[in-house]
Amino acid sequence: MDLLAFFDIAVLDGTVRLGVPLLLACLAGLFSERAGIFDIGLEGKMLISAFLAAGVSFTTGSVWLGLIAGIMASVVLSLLHGLASITFRGNQLISGVAINFFASGITVVAAQAWFGEGGRTPSLSGAARFESIQFPGALTRIRDIAKADLPMKVYSELLSGHTIIVYLCILIVPFVWWTLYRTRFGLRLRAVGENPGAVDTAGISVYRMRYSAVIICGVLCGLAGAYLSTGLQAGFVREMTAGRGYIALAALIFAKWRPWQALGATMLFGYLQALAIRPDILERAIGIRVQTQVLDALPYVLTVIVLAGFVGKAIPPRAGGEAYVKER
Amino acid sequence: MTAPAPAIELVGISKAFGPVQANKDISIRVMPGTIHGIIGENGAGKSTLMSILYGFYKADAGEVFINGQKTEIPDSQAAIAAGIGMVFQHFKLVENFTVLENVILGVEDGFLLRPSLTKARKELKQLSEEYELHVDPDAVIEEIGVGMQQRVEILKALYRQADILILDEPTGVLTPAEADQLFRILGRLREEGKTIILITHKLREIMEITDTVSVMRRGEMTATVKTAETDPAQLAELMVGRKVLLQVDKVPAKPGDVILDVQNLNVTDAQGVHRVKNVSFNIRAGEILGIAGVAGNGQSELLEVLGGYEKGTGTITVNGQPIDLTGKYSDGQSRRKRGIAHVPEDRQREGLVMNFSAWENTAFGYHSDPRYQKNVLFMDHAAIKADTAEKMERFDVRPPNPLLAAKNFSGGNQQKIVVAREIERNPDVLLIGQPTRGVDIGAIEFIHKQIVALRDQGKAILLVSVELDEIMSLSDRIAVMFDGRIMGERLPQDTNVQELGLLMAGVQGDAA
């Protein structure tokens, strides 16, 4: 047993890398659900963004153009979800599931038609990908890092060497918190998810608030998807989101729809994912070999525990999942 | 000398929903600084009219003048800008926001909340002193009582500089004391020159507070009169279109043997709260026992235990035979087999399945009735429908269509469906909770008659109501519940509203 192994720098570094897309997707869901629109389609939106970001980056050679394309694709799906669930008052779960199926199919078909490489994009390199940003004086070679002392290890591996999206992510949580609790927009957003009738009678358009929320959700999902294919990996492969949209939803419930808690939840789930790819470290830490599937299942198990009310009560926004109909 | 322009003038307003003409050519003038009542049965079109005034619906025809100016009101924003504030029957408050946050929602002063909150806090303090609208600005809505929630709604309107205040059935959720307080506040607002429109179906409120009153019936404005020049009987007749008995007509009870006997009943709910504490009473044949009390003092739980869907301890006997309070035979089905019929307090949640048709709802609780069975496997739908049609006929349910979903009937007719289902079973004991909540005046008269008729057939009736008038006029004996206990029993002829009010507030009358 070597409990310190839990704090292995490589695993912590992996936590950040893997936690970032979860965090972005989770905050995307937070905006949407706080406005009363349940969104099970985070997965599909990330996936389509991952594909389009990689495809456009490869074709144009600019990762920024790729990022924009990815975000736009994700926003389009968001608007589709909005159209179905806000304007036409359809069932939000069904619309979300439809989006997931659509994204899952179209990305592979389009990738095959576009690149003919079996439903994937070619590998990205150079300016077609978000490069790691190295801090001044940081060690880059694994061999050097292994020999360095602890502060240098933390500096070189954990702090340095991430893409710009990861660093932007550090700012996003306080920003979301501030928007939600300190601005007029945030007040109205939270109100529309709790009691749209109150918002409507106060003379604010429920539709406009909800559409704003789903668009923000689309942008953040797009960012998460683009990061997957152009930052975390170098290219798109089929189903590369691998359930992250659902884990983000689980994290959202785990965090009880609050931004700082969302950071904690997504980092915890990111840590479990990082640990799952390094079973050797886990074995060193607890002295028993654990199936990685157990780790993969842990986010869901933890969420069920939260939902069952063992850690306080998780109350979703009261008007969540219901279309707004003016009543007499 | 020219008279001041009316605060509100509606000219020829019409509105149809499909084939239903909700408002027909309605014209009305409300003078500033007055309280104007609009009274009518459920579905008479009062709420539709006010929704048009508040920009929720667009009128098919007609014009709105505010302070003499022709005004278009396409949405709530425009209504607010025109100085109209509305207090809805179901409050439009965000439950997990503070009072302050609810007040500023929609009228924030800028992108950041803090300056708005600071300003609203100051203004709220001023307003609450001016109009005796006492609220705690930092209280969270879900943690305060309905009386205070309503004051928040009024403050919301005043904060938006409303000069015209519309209140839709404001006293439906209030205790008598809270209602009195509300009327005091409305009086203050009138003194300050505000114009108030009070929508209600309670004649007493109209008589008590309004200056003028308009009566609506079936989408039409049948009359507008000065309150001082009319009386409840005339208003009731204008509302219903025929003479209505406001007093329940009944002969003195001839009580027989004890039918229902409850001894030392205790109920503790799922949250562990002791709801009913050592309650004992009995009801004899041909007798109505009324249970008075402010909502939430254990009456609901008492009904639920008797009705078989809450657990309790103690002894309950019907015709001398004990009934099960726990275990397999403590459900509604078993209760009905023992001759206990139950009209629950909340017809929409407990009495009916709103999406089911009237005939399906009529079969509830009596599914095993042999008349409803075709054979071992199937129920005889035709028989149930025929039976329902007969019941609807006898209870004057309108429209008398067994195929219509429960939600499509008005409140009064929904209640008649439930009452018909239970009374027509000829039970020994009838439990009836809030029999006329949200029911219009014509239907109230009818339901009261049915209850008295059942009593005269020698049945035992337990009536639970928060309406003191109803308790006073129907009951042969009155028990008052407070904090889960029966505070005392009175005979209606030997008591009055003041004494019952004290008992309801937990003041023990006997000691005084």
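Source: prediction; values computed, not measured.

K.L.:
What am I meant to see in the overall build of chain B here?
P.N.:
Of regular secondary structure, chain B possesses 17 helices and 20 strands. Dimensions of chain B along its principal axes, counting C-alpha atoms only, are 75 × 55 × 45 Å. Here chain B, with 512 residues, has 54% of them falling under the buried criterion. Of the contacts made within chain B by residues no fewer than 6 positions apart, 66% connect residues no fewer than 24 positions apart. Here chain B has roughly 22300 Å² of accessible surface; of this, 51% comes from carbon and sulfur atoms.

K.L.:
Whenever I open this one, the sheet that holds strand β12 (residues 274-284) of chain B confuses me. Can you help?
P.N.:
Backbone hydrogen bonds hold the strands of a sheet together, and the pairing may be parallel or antiparallel. All names here are of chain B. Read across the sheet, four strands follow the order β12-β11-β14-β15 without closing on themselves; strand pairing throughout is antiparallel. Edge positions in the open sheet fall to β12 and β15 (321-322), since each of these has one partner strand only. Inspection of the sheet shows strand β11 (residues 258-268) paired to strand β14 (residues 313-318) by five bridges, in the antiparallel sense. If you follow L260 over to β14, its bridge partner there is V318.

K.L.:
How do you make sense of the interface of chain B and chain A when you look at a structure like this?
P.N.:
Accessible area lost upon the coming together of the parts is a frequently used measure of interface size. At the interface, 30 residues of chain B touch 24 residues of chain A. The largest per-residue losses of area from chain B upon contact with chain A belong to F56, K92 and F111 of chain B, which jointly make up 24% of the total buried on that side. Counting every contact that joins chain B to chain A gives three salt bridges. Put simply, R190 of chain A and E101 of chain B hold a salt bridge, and the shortest N to O gap is 3.9 Å. Here chain B and chain A share nine residue pairs in polar contact (both at pLDDT 80 or more) between them. Of all the secondary structure elements, the ones that give two or more residues to the side of chain B that touches chain A are α2 (76-81), α3 (99-104) and α4 (113-131) of chain B. It is α2 of chain B that provides the largest number of residues to the side of chain B that touches chain A, a total of three residues.

K.L.:
What exactly am I supposed to notice about the domain arrangement of chain B here?
P.N.:
All names here are of chain B. Domain annotation of chain B identifies domain 1 (8-240) and domain 2 (258-504). One C-alpha centre belongs to domain 1, the other to domain 2, and the line joining them spans 34 Å. Surface buried jointly by domain 1 and domain 2 totals about 820 Å² across both partners, of which 58% is contributed by carbon and sulfur atoms. The largest per-residue losses of area from domain 1 upon contact with domain 2 belong to E41, N42 and H201, which jointly make up 46% of the total buried on that side. At the surface where domain 1 touches domain 2, the tally comes to two salt bridges. Across the salt bridge formed by D469 and R204, the nearest N and O atoms sit 3.3 Å from each other. Here domain 1 and domain 2 share one residue pair in polar contact (both at pLDDT 80 or more) between them. At three residues, helix α8 (residues 232-240) tops the list of elements feeding residues into the side of domain 1 that touches domain 2. For the side of domain 1 that touches domain 2, a count of residues per class yields four nonpolar, three polar and four charged.

K.L.:
Where do I start with empty space enclosed by the protein in this structure?
P.N.:
Over the atoms, a rolling probe the size of a water molecule traces out where space has been left empty. Counted under the stated rule, the structure contains three cavities of 30 Å³ or more. For the largest cavity, the calculated volume is near 120 Å³. In this structure, the largest cavity is lined by 13 residues; those nearest its centre are T201 of chain A together with Y54, M86, K156 and R160 of chain B. Where the lining of the largest cavity is concerned, the elements lending two or more residues are β6 (84-87) and α5 (146-159) of chain B. Along the lines of polarity and charge, the residues of the lining of the largest cavity split into eight nonpolar, two polar and three charged. Within this model, the second largest cavity holds a volume of roughly 60 Å³. If you go around the second largest cavity, the residues you meet are G147, Q150, R151, I154, L174, E178, Q181, L182 and I185 of chain B. When residues of the lining of the second largest cavity are traced back to their parent elements, those giving at least two are α5 and α6 (176-191) of chain B.

K.L.:
Mind showing me how you'd approach the layout of surface pockets here?
P.N.:
Residue and element names in this part refer to chain A. Estimates place the volume of the second largest pocket at around 550 Å³. As for the second largest pocket, its lining consists of 29 residues, of which L18, L232, Q233, R244 and I277 are closest to the centre. Mapped by element, the contributors of at least two residues to the lining of the second largest pocket are α1 (9-34), α10 (206-232), α11 (244-254), α12 (259-276) and α14 (292-307). Here the lining of the second largest pocket gets five residues from one element, more than from any other, and that element is α1. Residue composition of the lining of the second largest pocket, by class: 14 nonpolar, nine polar and six charged.

K.L.:
Before we go on, may I ask you to explain helix α15 (residues 441-456) of chain B in this structure?
P.N.:
The α-helix winds at 3.6 residues per turn, so residues separated by three or four positions along the chain end up facing the same way. All names here are of chain B. Under the 1.5 Å per step criterion, the end-to-end length of α15 is 23 Å for 16 residues, consistent within 8% with the ideal 22 Å. Counting buried positions over the 16 residues of α15 gives twelve, a clear majority of the element. Within the span of α15, buried status applies to I441, G442, A443, E445, F446, I447, H448, Q450, I451, V452, L454 and R455.

K.L.:
Can you help me understand the packing of aromatic side chains in this one?
P.N.:
In this description, a pair of aromatic rings is defined by centroid distance and the angle of the planes. In this structure the tally under the stated criterion is 17 aromatic pairs over all chains. On the basis of an interplanar angle of 45° and a centroid distance of 6.0 Å, the ring pair of W177 of chain A and Y181 of chain A is categorised as tilted. A residue pair is termed a helical-turn pair when its members lie 3 or 4 positions apart in one helix, as W177 of chain A and Y181 of chain A do in helix α7 (residues 164-182) at four residues. In this structure W177 of chain A comes out as partly exposed when scored by relative accessible area, which is 30%. Overall, the relative accessible area of 22% leaves Y181 of chain A in the partly exposed class. What links up through ring pairs into an aromatic cluster is the set F51, F58, W114, F115 and F236 of chain A. The ring of F88 of chain B has K92 of chain B sitting right over it, with the charged end atom 5.2 Å from the ring centre. Taking the ring centre of F446 of chain B as reference, the NZ or CZ of K416 of chain B above it sits at 5.1 Å.

K.L.:
Sorry if this is basic, but what is going on with the environment of A69 of chain A here?
P.N.:
Within the secondary structure, A69 of chain A sits in helix α3 (residues 63-87). Filtering out sequence-adjacent residues up to four positions away, A69 of chain A remains in contact with L52 and V56 of chain A.

K.L.:
Explanation requested: the sheet that holds strand β20 (residues 485-490) of chain B in the structure shown.
P.N.:
All names here are of chain B. Pairing within the open sheet is mixed, and its six strands lie in the order β16-β17-β18-β13-β19-β20. Edge positions in the sheet fall to β16 (340-343) and β20, since each has one partner strand and no second. Mean inter-strand twist for the sheet, computed between neighbouring axes without regard to direction, equals 20°. The sheet contact formed by strand β17 (residues 429-433) and strand β18 (residues 460-464) spans five bridges and is parallel. Opposite L431, over in β18, you have L462 as the bridge partner.

K.L.:
Which parts of the structure should I look at to understand the packing of α1 of chain A against helix α6 (residues 150-159) of chain A?
P.N.:
In a pair of packed helices, the angle between the axes and the distance between the axes together describe the arrangement. Residue and element names in this part refer to chain A. Closest axis-to-axis distance for the α1/α6 pair is 10 Å, and the angle between their directions is 30°. When the interaxial angle is binned, α1 and α6 end up roughly parallel. The way α1 lies across α6 gives a crossing that is right-handed. Packed against α1, whose contacting residues are I9, A10, L12, D13 and V16, the element α6 presents L150, K153, V154, E157 and L158 at the interface. Class assignment of the residues belonging to the contact of α1 with α6 gives a composition of seven nonpolar, no polar and three charged.

What counts and how
Residues numbered from 1 in each chain as written. Chains lettered and ligands numbered in written order. Predicted model: local features only at pLDDT ≥ 70, side-chain atom pairs only at ≥ 80, totals over all residues. Heavy atoms only, no water. Helix = DSSP H or I, 4+ residues; strand = E, 2+ residues; numbered from the N terminus. Buried < 20%, exposed > 50% of the residue type's maximum accessible area, 1.4 Å probe, protein only. Contact = heavy atoms within 4.5 Å. Areas by Shrake-Rupley, 256 points an atom, 1.4 Å probe, with all protein chains shown as cover. Pairing = 2+ DSSP bridges. Buried area = accessible area lost by both parts, 1.4 Å probe. Salt bridge = Lys/Arg side-chain N within 4 Å of Asp/Glu carboxyl O. Polar contact = N/O pair within 3.5 Å; in protein donor to acceptor, adjacent residues only side chain to side chain. Domains from an automatic or database assignment. Nonpolar A, V, L, I, M, F, W, Y, C, P; charged D, E, K, R; others polar. 1 Å grid on protein atoms, 1.4 Å probe; cavity = no way out; pocket = protein on both sides within 12 Å on 5 of 7 lines; lining within 4 Å. Points joined across faces, edges and corners; volume = space filled by probe spheres on them. Expected span 1.5 Å × (residues − 1). Phe/Tyr/Trp six-rings, centres within 6.5 Å; stacked < 30°, edge-to-face > 60°. Lys NZ or Arg CZ within 6 Å of the ring centre and 35° of its normal. Axes fitted to C-alpha atoms, helices over the stretch in contact; angles between N-to-C directions. Parallel < 35°, antiparallel > 145°, perpendicular 65-115°, else oblique. Left-handed = near helix turned anticlockwise from the far one by under 90°.

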